[in-house]
Amino acid sequence: MINVSNLHKYFGKLHVLKGVDLEVQPQEVVVMIGASGSGKSTLLRCLNFLEMKDEGEISFNGQAIDPKTTPLNKVRENVGMVFQHFNLFPHMTVLENVIEAPVHVKRTPRAEAIEQGRQLLEKVGLADKGDVYPEKLSGGQKQRVAIARALAMEPSVMLFDEPTSALDPELVGEVLEVMKGLAADGMTMVVVTHEMGFAREVADRVVFLDNGMIAEQGDPETFFSNPQHPKARQFLSRVL
Amino acid sequence: MTSFLNDLISTFPAFTRAAWMTLQITGISLALALVIGLIFALMKVSGLRSLGIIYNGYVGIIRGTPLIVQIMWLYFGITQIVVLSAFWAGTIALAIHSGAYIAEIFRGCIQSVDRGQMEAAESLGMKRGLAMRRIILPQAIKRAIPPMGNQFIIGLKDSSLVAFIGITEIFSLSMDNAAVTFKQLEFYTIAGLYYLAMVALFTYLLSRFENRLDTAK
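Owing to the predicted nature of the structure, the values given are computational and were not obtained by experimental measurement.

*Asks:* Describe in detail the overall build of chain A, supporting the description with residues and values.
*Replies:* The helix and strand inventory of chain A stands at nine helices and 10 strands. Here chain A has a C-alpha radius of gyration of 18 Å; the compact-globule value for 240 residues is 18 Å, and the two agree. Reported as C-alpha extents along the three principal axes, the dimensions of chain A are approximately 55 × 45 × 30 Å. In chain A, which comprises 240 residues, the share counted as buried stands at 56%. Long-range pairs, those at least 24 residues apart, make up 65% of the contacts in chain A with a sequence separation of at least 6. Approximately 10,300 Å² of chain A is accessible, and the part contributed by carbon and sulfur atoms is 46%. Averaging the locations of the 25 positively and 32 negatively charged side chains of chain A gives two centres separated by 5 Å.

Structure (structure tokens):
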């Protein structure tokens, strides 16, 4: 579904991604882990072109995306993204947040979008919060709205950029539950997270990044019980 | 004191007409300035270098020269090419002047909206223009209201400078009266009272508007 080959990214002189190859299969849940600064968030943001690659190729369903010739908004319609800091639209109610893109990007009739939006809010357990403004919600609730908002575009893949890192510990669970539900429904997901329990339980594959490269990857069972790369061992001994 | 009240009352009809002129010039010039300011602010945040340079030139020149010079320049300069009444020369000069400051207010407020908002909008497939219109501007404009109110008050008082191109508004009327009656102190006090009353009214309306925005959310 997603194919990344030889991806390089620089921030000024800083070489953040040093030739990353990554393939994501349909319905696969890939969890990317690594120390901060390892490039995992940058890699994720390159996948929907919030960061522009400097070298290499990114393709969706076999089609290489050239940011110069491909309208990126069309690509992004199929790639949902959930941010660490939620980025809900504060001037809109929860339901308005969810229907904004379907109505104004996809041109879904408003009544239909509202119907679908309410179903999505129910799915993330916030059916009663549709008419509330985001500022009234807890962090966990905000993040669940953000997930519903991304799902409203019916994307074929969902990207999660440290979705629980800004949450109070007691609110992490409710967001992870929603994500587990998505994975169970067969959503293709790429998740950057520090939640090792989630990685172990939900991931089909764990990708460990170190210093801008994929140092090791594999199924979570093998990776967590018997990491090969010394940096991976070191990392796991610190976080587990 | 009774003589001052007499002056105030006897000139009331004339000053009411003059105040109406002040309000017209202020209202039209600020309405134009809002449009100018928004357009220039969007040029600046477009990320296109050429538009940014135009913005810097405009704001630089307007902020770098006195308003009275701008009014005189437009009135005597432009009227050599096109026929422009004093009213329109003055109003346009005020609009161009306030527009630069309003552009700065809009630019600052647009740039103060968290970058994550544009990223979230783009990640949902919105084009930049749509995201600006639906997501960024509503938040920026709300933040712009308090400094904008301030700028409107400045605009109202700055309109007194069109007295120097022969428009009969509050300030020129008080100058005329002062010159004829030699009651300088009285008539400039009267001028001040009219401005004070208009600013007080405007401040009141603005605070009601702000309250309504707060409760609307």
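*Asks:* Explain the overall build of chain B residue by residue, including any values.
*Replies:* The number of helices and strands found in chain B is nine helices and zero strands. Tracing chain B from N to C terminus, the helices and strands come up as α-α-α-α-α-α-α-α-α. Principal-axis analysis of the C-alpha atoms gives chain B an extent of 70 × 50 × 25 Å. Taken across its 217 residues, chain B has 44% of its residues classed as buried. When the accessible surface of chain B is summed, it comes to about 11,300 Å², and 68% of that surface belongs to carbon and sulfur atoms.

*Asks:* Got a sec to walk through the interface of chain A and chain B? Specific residues and values, please.
*Replies:* Across the boundary between the two partners, chain A contributes 24 residues, which contact 20 residues of chain B. When the two sides are added together, the surface that chain A and chain B hide from each other amounts to roughly 1,900 Å², 59% of it contributed by carbon and sulfur. At the junction of chain A with chain B, the criterion picks out three salt bridges. Among the ionic pairs, Arg-76 of chain A bridges to Glu-122 of chain B, the shortest N-O distance being 3.8 Å. At the surface where chain A touches chain B, the tally comes to five residue pairs in polar contact (both at pLDDT 80 or more). Those elements giving two or more residues to the side of chain A that touches chain B turn out to be helix H2 (72–77), strand S6 (79–82), helix H3 (94–104) and helix H5 (139–151) of chain A. Partitioning the side of chain A that touches chain B into residue classes produces 13 nonpolar, five polar and six charged.

*Asks:* I'd like to hear about the side chain of Asn-73 of chain A, residue by residue, with values.
*Replies:* Position of Asn-73 of chain A relative to the elements: it lies in helix H2. Residue Asn-73 of chain A is classed as buried on the basis of its relative accessible area of 11%. In this structure Asn-73 of chain A touches Gly-125, Met-126 and Lys-127 of chain B, once residues within four positions along its chain are discounted.

*Asks:* So what about the pairing of strand S2 (residues 14–24) of chain A? Which residues, and what values?
*Replies:* All names here are of chain A. Direction of pairing for strand S1 (residues 2–11) relative to S2: antiparallel, over a ladder of eight bridges. What sits directly across from Asn-3, in S2, is Glu-23. Hairpin remark: S1 followed by S2, antiparallel, with two residues in the connecting loop; positive phi at Gly-12, about 65°.

*Asks:* Go over the packing of aromatic side chains with me, naming the residues and quoting the values.
*Replies:* Throughout the structure, instances matching the rule amount to 10 aromatic pairs over all chains. Ring centres 5.0 Å apart and planes at 10° place the aromatic pair Phe-15 of chain B and Tyr-194 of chain B in the stacked group. Remark: Tyr-194 of chain B occurs in helix H9 (residues 184–216) and Phe-15 of chain B occurs in helix H2 (residues 12–45); sequence separation between them is 179 residues. Residues Phe-15 of chain B and Tyr-194 of chain B agree in their burial class; the two are buried. An aromatic cluster is built from Phe-208, Phe-223, Phe-224 and Phe-235 of chain A, whose rings are joined through pairwise contacts.

*Asks:* Any details on the environment of Glu-28 of chain A? Residues and values, ideally.
*Replies:* Residues and elements named next belong to chain A. Topologically, Glu-28 is positioned in the loop between S2 and strand S3 (29–33). According to the relative accessible area criterion, Glu-28 is buried, its value standing at 12%. Put simply, Glu-28 and Phe-160 are 132 residues apart on the chain and 14 Å apart in space, counted from C-alpha to C-alpha. Setting aside chain neighbours within four positions, we find Glu-28 in contact with Glu-23, Met-187, Thr-188, Met-189, Asp-204 and Arg-205.

*Asks:* Tell me about the sheet that holds strand S7 (residues 157–161) of chain A, and name the residues and values.
*Replies:* All names here are of chain A. The strand order S6-S7-S8-S3-S9-S10 describes an open sheet built from six strands, whose pairing is mixed. The open sheet is flanked by S6 and strand S10 (213–218), the only strands paired with a single partner. Neighbour to neighbour, the strand axes of the sheet diverge by 20° on average, direction disregarded. In the sheet, S3 pairs with strand S9 (residues 205–210) via four bridges, with the strands oriented parallel. Residue pairing for S9: Val-30 is matched across the bridge by Arg-205. In the packing of helix H1 (residues 40–47) onto the sheet, contacts are made with S3, S6, S7, strand S8 (188–192) and S9, and the angle to S7 comes to roughly 150°. The strands touched by helix H6 (residues 169–184) within the sheet are S3, S7 and S8, with S8 carrying the most contacts at an inclination of about 145°.

*Asks:* So what's going on with the pattern of salt bridges? Residues and values would help.
*Replies:* Oppositely charged side chains may form a pair once their charged atoms are brought near each other. Summed over all chains, the structure comprises 17 salt bridges over all chains. Here Glu-104 of chain B makes a salt bridge to Arg-107 of chain B, at a shortest N to O gap of 2.9 Å. With Glu-104 of chain B and Arg-107 of chain B both in helix H5 (residues 86–112), this residue pair falls three residues apart, about one helical turn. Residue Arg-128 of chain B is joined to Glu-122 of chain B by a salt bridge in which the shortest nitrogen-to-oxygen separation is 3.6 Å. Judged by relative accessible area, Glu-122 of chain B falls into the buried class, the value being 12%. Taken together, the shared-partner salt bridges in this structure form one network comprising Arg-45 and Glu-51 of chain A together with Arg-115 and Glu-119 of chain B.

*Asks:* Tell me about the sheet that holds S2 of chain A, and name the residues and values.
*Replies:* All names here are of chain A. Taken in spatial order, the four strands make up an open sheet running S2-S1-S4-S5, and their pairing is antiparallel. This sheet does not close on itself; its edge strands, each paired only once, are S2 and strand S5 (63–64). The sheet contact formed by strand S4 (residues 55–60) and S5 spans two bridges and is antiparallel. Residue pairing for S5: Ser-59 is matched across the bridge by Ala-64.

Definitions and cut-offs
Residues numbered from 1 in each chain as written. Chains lettered and ligands numbered in written order. Predicted model: local features only at pLDDT ≥ 70, side-chain atom pairs only at ≥ 80, totals over all residues. Heavy atoms only, no water. Helix = DSSP H or I, 4+ residues; strand = E, 2+ residues; numbered from the N terminus. Rg over C-alpha atoms; globule rule 2.2 N^0.38 Å. Buried < 20%, exposed > 50% of the residue type's maximum accessible area, 1.4 Å probe, protein only. Contact = heavy atoms within 4.5 Å. Areas by Shrake-Rupley, 256 points an atom, 1.4 Å probe, with all protein chains shown as cover. Lys, Arg positive; Asp, Glu negative; His and termini not counted. Charge placed at Lys NZ, Arg CZ, Asp CG, Glu CD. Buried area = accessible area lost by both parts, 1.4 Å probe. Salt bridge = Lys/Arg side-chain N within 4 Å of Asp/Glu carboxyl O. Polar contact = N/O pair within 3.5 Å; in protein donor to acceptor, adjacent residues only side chain to side chain. Nonpolar A, V, L, I, M, F, W, Y, C, P; charged D, E, K, R; others polar. Pairing = 2+ DSSP bridges. Phe/Tyr/Trp six-rings, centres within 6.5 Å; stacked < 30°, edge-to-face > 60°. Axes fitted to C-alpha atoms, helices over the stretch in contact; angles between N-to-C directions.

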